[in-house]
Amino acid sequence: MKKIAAIIMSMMMVIGLVGCSTSEKKKDSKLKVGYVTMDMTSPYFIEMIDGMKEEANKLGIELSVHDGKYEAQPQIDAMETLITQKVDVIVLSANDTEALQPMIDKAKEAGIKVIAANVEMKNVDAFVSLDEYEYGFMGGEIAGKYIADKMKGKGEVAVLTFSQIPAVLNRSKGLIEGIKKHAPNVKVVSKVDANDRESGMKAAENILQAHPNVNVVVGISDDAVLGAYEAFKGANKTGDDVCLVGLDAVNEAIAKIDEGTIYRGSVDIAPFQSGKDIIETAKKVVEDGPIKEMIKFPMTPVTKENVAEFK
């Protein structure tokens, strides 16, 4: 009986040590966060990812980044992978809200926290973004004020939008209404989808062929409008009566604003800092639970007058 009791005691001690070891491992293991971005080639998302990486490194968080390529399927595949890997948090900047919602629900069922970034989604633990209409309106105001001050309130406007993402339509609406607040007599003659440098340049070339008097271009991203800038430069439309305004305040846009080119302005939403904020939010939802209120990205208009602050 003494031998049996000794064996039982030994087994209990082993189990206790294994349990303790497992508990310590869980306690010491890194928080795992997966970010599914819209597109990894976008200057805005590149800066935001850099901010996420810096903050993750600082906080000892294991971060993986997955490219959505401005499509739904790569994001669905990435979500499947992250759910299988049993990460602690998934951050998603959705390209298609309808297609990605079931994946969010699946992640939540698996006990994974989900943060929606840039695009609002249901059944998430936090939403980090900006007011799309307000964002566009702020950019539109830059163009509208320039048209009123330098172009006698007149001009033909082309808008570079991206109808694939519904939230961006509010941004486009804001751009137009921001212009018209200060220059109500402008004519919006074209709205074309363009979300990157190549498509922005091609769209602007086609617009100039169809509407040779277009002298104002506003767009949903600097990346697209920088493409339009090249098209306007190639067409020798570089005078004071030309106004291009983008959004995101990426480095190249800042440089062109500073140089006094036809690129008149942008809106800074601090992508690097926003990336850091997203990682801090991921840590917070794991530790404290869901956050109901939208966490807003900061927004600041950038023009020739204040561009020095952003260099």
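Our subject is the structure listed above.
Model, not experiment: these values are computed from the prediction. (Residues numbered from 1 in each chain as written. Predicted model: local features only at pLDDT ≥ 70, side-chain atom pairs only at ≥ 80, totals over all residues. Heavy atoms only, no water.)

A closer look at the layout of surface pockets
Thought 1: Space inside the largest pocket adds up to approximately 350 Å³.
Thought 2: The wall of the largest pocket is formed by 16 residues, among which Y146, R264, T303, K304 and E305 lie closest to the centre.
Thought 3: For the lining of the largest pocket, the elements supplying multiple residues, two or more each, are α5 (132–150), β10 (263–268) and β12 (300–303).
Thought 4: Broken down by element, the residue count for the lining of the largest pocket peaks at seven residues, all from α5. (1 Å grid on protein atoms, 1.4 Å probe; cavity = no way out; pocket = protein on both sides within 12 Å on 5 of 7 lines; lining within 4 Å. Points joined across faces, edges and corners; volume = space filled by probe spheres on them. Helix = DSSP H or I, 4+ residues; strand = E, 2+ residues; numbered from the N terminus.)

Re helix α7 (residues 197–210)
Thought 1: The end-to-end C-alpha distance of α7 is 20 Å, a good match for the 20 Å that 14 residues give at a rise of 1.5 Å each.
Thought 2: Those residues of α7 lying buried are G200, A203, A204, I207 and L208. The buried residues of α7 occupy an angular sector of 130 degrees when the element is viewed end-on, so they sit on one face. The outward face of α7, more than 90 degrees from its buried face, is lined by the exposed residues E198, K202, Q209 and A210.
Thought 3: Residues of α7 that are buried in the fold lie against β6 (156–161), β7 (187–193) and α8 (222–234). (Expected span 1.5 Å × (residues − 1). Buried < 20%, exposed > 50% of the residue type's maximum accessible area, 1.4 Å probe, protein only. Arc of directions from axis to C-beta. Contact = heavy atoms within 4.5 Å.)

Description of the sheet that holds strand β8 (residues 216–219)
Thought 1: Taken in spatial order, the six strands line up as β7-β6-β8-β9-β10-β12 in an open sheet, and their pairing is mixed. Either end of the sheet is taken by a strand with one partner, and the two such strands are β7 and β12. Direction aside, neighbouring strands of the sheet carry axes that sit 15 degrees apart on average.
Thought 2: Here β10 runs beside β12; their pairing, made up of four bridges, is antiparallel. Pairing of G265 across the sheet is with T303, part of β12.
Thought 3: Contacts from α5 reach β8, β9 (243–245), β10 and β12 within the one sheet, and its direction differs from that of β10 by about 155 degrees.
Thought 4: The strands touched by helix α9 (residues 251–258) within the sheet are β10 and β12, with β10 carrying the most contacts at an inclination of about 140 degrees. (Pairing = 2+ DSSP bridges. Axes fitted to C-alpha atoms, helices over the stretch in contact; angles between N-to-C directions.)

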